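A look at the structure
What follows is each chain in one-letter form.
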Amino acid sequence: MDSNYNEPGAGNIVDAEHQRARQLSRTRVVGQKERRVDARPLVTGAPVYAAEFEQPGMLHGRILHSPHAHANIRHIDTSGALALPGVWAVLTHHDLPRVAHTTAGQPYPELSPYDMYVLDTRVRYIGDWVAFVAAETPAIADAALQLIEVDYEILPAVFDPLEAMGDGAPQLHELDVTHPNLGKHLGDIYDPEHNIAAHEVITNGDFEATMREADLIVEGEYRVPHIAHAMLEPHVCVAYMDGYDRLIVVSSTQVPYHTRRKLAAVMQLPIARVRVVKPRVGGGFGGKQEMLLEPVAAALAMKTRRPVRIEYTRHEEFTSGRLRHPMSITMRSGVKRDGTLVAISMRSLGNAGAYGTHSLTVTRATGHKTLCLYRAQAYYFEATAAYTNLPVTGAMRGYGAPQGFFALESHIDEIARRLNMDPLAFRRKNHVRKGDWDPIEGEEIDGNWHSKRQFRSCGLPECIEKGAAAIGWNEPFERGDGNPIRRGRGMAIAMQGSGVLGFEIGGASIKLNEDGSFNVMTGATDIGQGSDTVLAQIAAEVLGVGMEKIVMHSSDTDSSVFDYGAYASSTTYISGGGVKVAAEKVRQHILEVAGDLLDCAIEDMSIRDGVIYTPRGRSSLTIADIANETLYGRHRQQIMAKGDFWAEDSPAPFYAQFIEVEVDTETGQVRVTKAVNALDLGRAINPALATGQVEGAVAMALGYALSEEVKFDEMGRVRNPGFVDYKVMSTLDMPEMTTFLIEDTEDTGPFGAKSAGEVPINCMAPAVANAVYDAVGIRIRSLPITPEKVLQALDMKKARK
């Protein structure tokens, strides 16, 4: 291992903290609970969503989905549908360019295989696309779908990843998909003959040799299911051709720029002829980190020369949208008798579904985002994603980390129990420290490990301290011994990242107006998390104005600065960094003009509440005066600037969660009664929004732990495609919550900020499993932790006595 691994390196970090703390304590807008910039239109019901976007003569799009899990399309007869009055177009694979692509919203060149076409001659899951219809009303479009006649050749199907990888299993994809526009192979499938979409192995140190030095070896297998994003707003978009014959798409998307690039490719249009506009988004959670309905609306609009709107039904979201990757994860670790972790391994097998969108990056994140939480001498990680004839899995909040942390943090608890050691004490002994180097994100060169990331900030010890004290971890409590209702406590810790290490770029352009207000144009994508507000606060802080002087414009590929989109917990750190750079340039321009007018050096001036201050105090000049001077006076210029932020780092936020549960030993019901959440997010730009991110994540994670699972029948059909049978948690299911925001500032982030949006989703599931064990002595290693599983485990425990 490289000599810099585990090197404290904290001296310089600590030395810089006092200076940063003094600087940050003086902020006037950053760190405040400012009201959301979009609060009024959201609460008054203004038409701000894609489904509310109207165009004259708009048609309605619909999709014909496959009723078979695996089949070739021998013939399609669309004559009946085309003859129906009010139908304007019916499109099949005969009518569209055959362009191999991935729908994954990732930077080019994508790490996902180019294994799909907008419409193909073969369908690979129940819900796959067969044909598109555009009609004057939704009812006519639905009727037209019933009139399309399709002759299918039914093929064998496979639904289990292990079976799919076996010899003789039906092969879902062919060899060497080639991107037609580049003439070279991109996004190749790892092993199409064995249905392996993606595979990766990472080793750091001599794992087997180190395991031989362990006093105790602990192994376990853990399973997590398909789950749905369940965002309130389904996928929806509107496409039309403008007067210049450009394709305009208004879409509920997390990735406008990635969508523009992909849409241009599959429609075989120059990027200059494609514009993507993101209105307000009613939730995404990763499900909209895809190009999904945009090609459907685009193809129909280009065919009919009329605007087309298409919106998924809730049933379609479950059957033809995207789901979280289900996985089986095997953990194997070695420890010393004193509780020192010496080696740890993880092997994950993910079910990609019919196409490999996000499969490599999600399954690799299962280990990349988790194993680095603990110090050890050796690590081994292996990730595999296999194709099956089930719906497509993709990005979802946490992006592989929730699967990995359920396995890891359950496994860590099991190790501690085997050692008769307090699980909290075991974690304190082994978790990562400030100054440590990432043992997974790196590469081995000449036998030495070279890490790509150092943990320069780490508030995990304080998160643990605050959480343990609030829950009363070391204090006795009523367990309910002798009663049907038994009580227990559990905990888990986690980390994440702030953007994708070495990949992300974000930016903004800022323009000064005559009244001293600023237009902030950014490609960052607010999908409900409040990023427009956070970015506005960063701009206002740098520019020395109040929030009322910031006018946000986001995510129009014609006018906003390039940005990768809303994913990987990148917006505050990456896009916020770009906003800060742009604002600093604008502030410099303002002070240059003010310095000339006031005969004062730039470094001696400041801006507060829109007023220029000099060493003599408040001057007579305001920002509005500067704006009018530059537009109409002798300093003629438009004050504006663009800022970009690109980082090779991905600072880790840290999180600790402590919970109490009640387990009904007669019904098997598990109820979380109390949750204490402690998040190290660097600097909280907006504490109210950050707290909302934490508690919203807890609600999602509670469903993952206890109730949510997309189920399939023996034919591969979704059995519970709606909220009647797919059980999400409501406000009535929420525990009593206490949330702490720990501010261990990150010097590379804007005003010390790191991310906050994903890491709180990682701990609830393992914490519940650990608390159930604490309450009744049974270990549930698969999610969700249902009453049936609890009762079965209790019966098995009784049978062993």
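The structure this text deals with has already been given above.
The following paragraphs examine the structure supplied in this document. (Residues numbered from 1 in each chain as written. Predicted model: local features only at pLDDT ≥ 70, side-chain atom pairs only at ≥ 80, totals over all residues. Heavy atoms only, no water.)

What follows concerns helix 18 (residues 764-776). Compared with an ideal rise of 1.5 Å per residue, which puts 13 residues at 18 Å, helix 18 spans 18 Å between its outermost C-alpha atoms and is within 8% of the ideal. Among the 13 residues that make up helix 18, 12 are buried, leaving the element largely enclosed by the rest of the structure. Taken together, the buried positions of helix 18 are Met 764, Ala 765, Pro 766, Ala 767, Val 768, Ala 769, Asn 770, Ala 771, Val 772, Asp 774, Ala 775 and Val 776. Just downstream of helix 18, Gly 777 is the residue with a positive phi angle, here 75°. (Helix = DSSP H or I, 4+ residues; strand = E, 2+ residues; numbered from the N terminus. Expected span 1.5 Å × (residues − 1). Buried < 20%, exposed > 50% of the residue type's maximum accessible area, 1.4 Å probe, protein only.)

Next up on the list: the pairing of strand 32 (residues 736-742). With 7 bridges connecting them, strand 31 (residues 670-680) and strand 32 associate as parallel partners. Directly across from Asn 677, in strand 32, lies its bridge partner Thr 739. Regarding topology, helix 17 (residues 687-706) serves as the crossover connection from strand 31 to the parallel strand 32, and that connection is right-handed. (Pairing = 2+ DSSP bridges. Right-handed = clockwise from strand over helix to strand, strands pointing away.)

Ranked by internal contacts, the top residues of the largest apolar core, which has 108 residues, are Phe 658, Met 764 and Val 768. For this core, the element with the most residues is helix 17, which contributes 10 residues. With 43 residues, the next largest nonpolar core counts Ala 536, Ile 538, Met 547 and Ile 639 among its residues. (Core = buried A, V, L, I, M, F, W, Y, C linked by side-chain atoms within 4.5 Å.)

Paired through backbone hydrogen bonds, the strands of a sheet run either parallel or antiparallel to each other. Strands sit in the order 25-24-23-29 across an open sheet of 4 strands; the sheet is mixed. Each of the sheet's edge strands pairs with one partner strand only, and the pair in question is strand 25 (550-554) and strand 29 (640-646). The average angle at which neighbouring strand axes cross in this sheet is 20°, direction not considered. In this structure, strand 23 (residues 505-512) lies alongside strand 24 (residues 518-522), joined through 5 bridges in antiparallel fashion. (Axes fitted to C-alpha atoms, helices over the stretch in contact; angles between N-to-C directions.)

A word on helix 19 (residues 787-800). Counted at 1.5 Å a residue, the expected span for helix 19 with its 14 residues is 20 Å, and the 20 Å between its end C-alpha atoms agrees. Turning to helix 19, its buried residues are Val 790, Ala 793 and Leu 794. Seen end-on, helix 19 carries its buried residues on one side only, within an arc spanning 100°. Those residues of helix 19 that are exposed and angled more than 90 degrees off the buried face are Glu 788, Gln 792 and Ala 799. Check the buried side of helix 19 and you find it contacts strand 30 (654-664), strand 31 and helix 18. (Arc of directions from axis to C-beta. Contact = heavy atoms within 4.5 Å.)

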